[in-house]
Amino acid sequence: MIGSSIHSVVLNFQKIAFITWTAIKTYLNGPYYSYLELNRNLQLFGNVRKLSVDDEDIVNDLNGKVCIITGGTRGIGLEVVKTLLKKGCHVITGSSADGQEIEKRHKAIVDQLSDQCTGQLDIWPLDLSSMDSVMQFIDKFKQSGLSVNYLICNGAVMFAPFKLTADNFETHLAVNYLSHCLLIAQLVDSLAESAKQSGHKSRIVCVSSGAHRASTIRFQDIHCERLFSIYHAYAQSKLAQIMFAYKFNEWLTKTTRAADVTAVTVSGGHQLSDFITIACLHPGVCRTDLMKEFNFFNLRPIQSLPIFRNAEEGAETTIYATLSSHMEDISGVYLEDCRVTKSSQKSYDKLIQQQLWTTTWKLLDKWTNNTMLYVVNQFADNSTAPQQNNDNQHHQQQQQGDQLDITYLT
């Protein structure tokens, strides 16, 4: 009885200490990013680029191009969507709202752009906290017959209370990270195919956060069931995005398509890196609904300080990563203010990247039909995936239309 009470006291102390420490680390990022925003707004030390969508390096004509973006009906994502629509892009985004609300949002966006909207907007049901919902979204896209040129992983939650999703994933990890990994895995063939058709590399853009600098990946408690802090949960998911982008880029350079078993016929054994790039970024400290989760931000005098940017300005680096000709052959990088810069030191740890890669595909095994687990083994130790004769393999792949067909290039 006494031992149980002592254990309870110790655990409660650990929880309080964990919340306090992770909050301190998160808020310690504040002065650094406040300085960056101040410098950007006032141009105190050197010129920080303020992007215009009409800049010379930004693609102007997106007719025939398709972009999938998560979180595209509000905040930064909405500003990106509006820019793409003005340039003639076919934009597909998702929403967890009901059908009536989706129609309302669609009408509001199109009406706001009026004659400037030369593209096409589709808003499909999508709940990023549910991997089944993500798969339904993917299936709908595959049935459309379209190929995707740009995949922008923008949707996110911030400082949400502790909750395990229906898939038993912690909410931040599911929404901000795992859902986007699943989207990437299931759409990689489409991205490669569109690049082959257009002659331009397809791009994956992951919108992360400077908050990643305050975190590590706690593999022993990755769903925060033992120790939960809103600060750690959010920052961990954003660090995971960046580390995944680095590892995925490495994977692209070592992976090819097998022409006899995939939809993408690549001659000469080209790596996927010849067709797809991936980048991640911090959009800046923006006046969006997410920032309202910081208590101090709700003070009106604070909001007026030149240490924030509006949603339109917050979209600049995402637009740059997606459309700038300067990014055509740049992959596996982290950006802030439309330029490549360093992410946290921890994010470059190869061992942690590999552990995250392995853990990620094990968590998503149910929705990737085991294929990515074979890739994990190959990537980790150069072993060979289970082999089948071509006839049986082709028959199985016809039965498993959603399976990602990957051959490791040793």
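The preceding data block contains the structure.
Everything numeric here is computed off the predicted structure, so don't read it as measured data.

A. Geometry of the overall build of the protein chain. Per the secondary structure count, the protein chain includes 13 helices and ten strands. Burial status across the protein chain gives 55% buried among its 410 residues. A separation threshold of at least 6 residues defines the contact pool for the protein chain, and within that pool the share at least 24 residues apart is 75%. About 18500 Å² of surface is accessible on the protein chain, with carbon and sulfur atoms providing 52% of the total.

B. Local environment of the side chain of Lys82. Among the structural elements, Lys82 can be located in helix 2 (residues 75–86). For Lys82, the side chain forms a polar contact with the side chain of Glu79, separated by 3.3 Å.

C. Focus on the sheet that holds strand 7 (residues 276–282). Read from one edge to the other, the open sheet built from eight strands follows the order 3-2-1-4-5-7-8-9, with strand pairing classed as mixed. In this open sheet, the two edge strands, each paired with only one partner strand, are strand 3 (120–125) and strand 9 (339–341). Taking each pair of neighbouring strands and ignoring which way they run, the sheet shows an average axis angle of 25°. Note: strand 2 (residues 90–95) against strand 3, six bridges, orientation parallel.

D. Focus on unusual backbone geometry. Not every positive phi belongs to a glycine, and Ser114 is a case in point at roughly 55°. Here Ser114 is to be found in the loop between helix 3 (99–113) and strand 3. Judged by relative accessible area, which is 45%, Ser114 ranks as partly exposed. Of note in this structure, Cys224 is not a glycine but carries a positive phi near 60°. Structurally, Cys224 is set in the loop between strand 5 (202–207) and helix 6 (230–253). Overall, the relative accessible area of 1% leaves Cys224 in the buried class.

What counts and how
- All residue numbers here refer to positions counted from 1 along the written sequence of the relevant chain.
- Local features in this predicted model are restricted to residues of pLDDT 70 or higher, and side-chain atom pairs are both shown and tallied only at a pLDDT of 80 or more, whereas totals for entire chains, interfaces and linings draw on every residue.
- Calculated side-chain values reflect all of the structure's heavy atoms, with hydrogen atoms and water omitted.
- Strands here are runs of E lasting at least two residues and helices are runs of H or I lasting at least four, both read from the DSSP assignment and numbered beginning at the N terminus.
- Residue exposure (1.4 Å probe, protein chains only): buried if accessible area is under 20% of the type maximum, exposed if over 50%, otherwise partly exposed.
- Throughout, a contact is declared for two residues whenever any of their heavy atoms are within 4.5 Å.
- Note that accessible areas follow from Shrake-Rupley with a 1.4 Å probe, and for residues the cover is restricted to the protein chains shown.
- Within 3.5 Å is the distance limit for a polar contact, defined as a pair of N or O atoms, with the added protein rule that one can donate a hydrogen and the other accept it, and that residues adjacent in sequence qualify only through two side-chain atoms.
- A pair of strands is labelled paired if DSSP reports no fewer than 2 bridges between them.
- A fitted line through C-alpha atoms serves as each axis, taken over the contacting stretch for helices, and the angle formed by two N-to-C directions is quoted from 0 to 180°.

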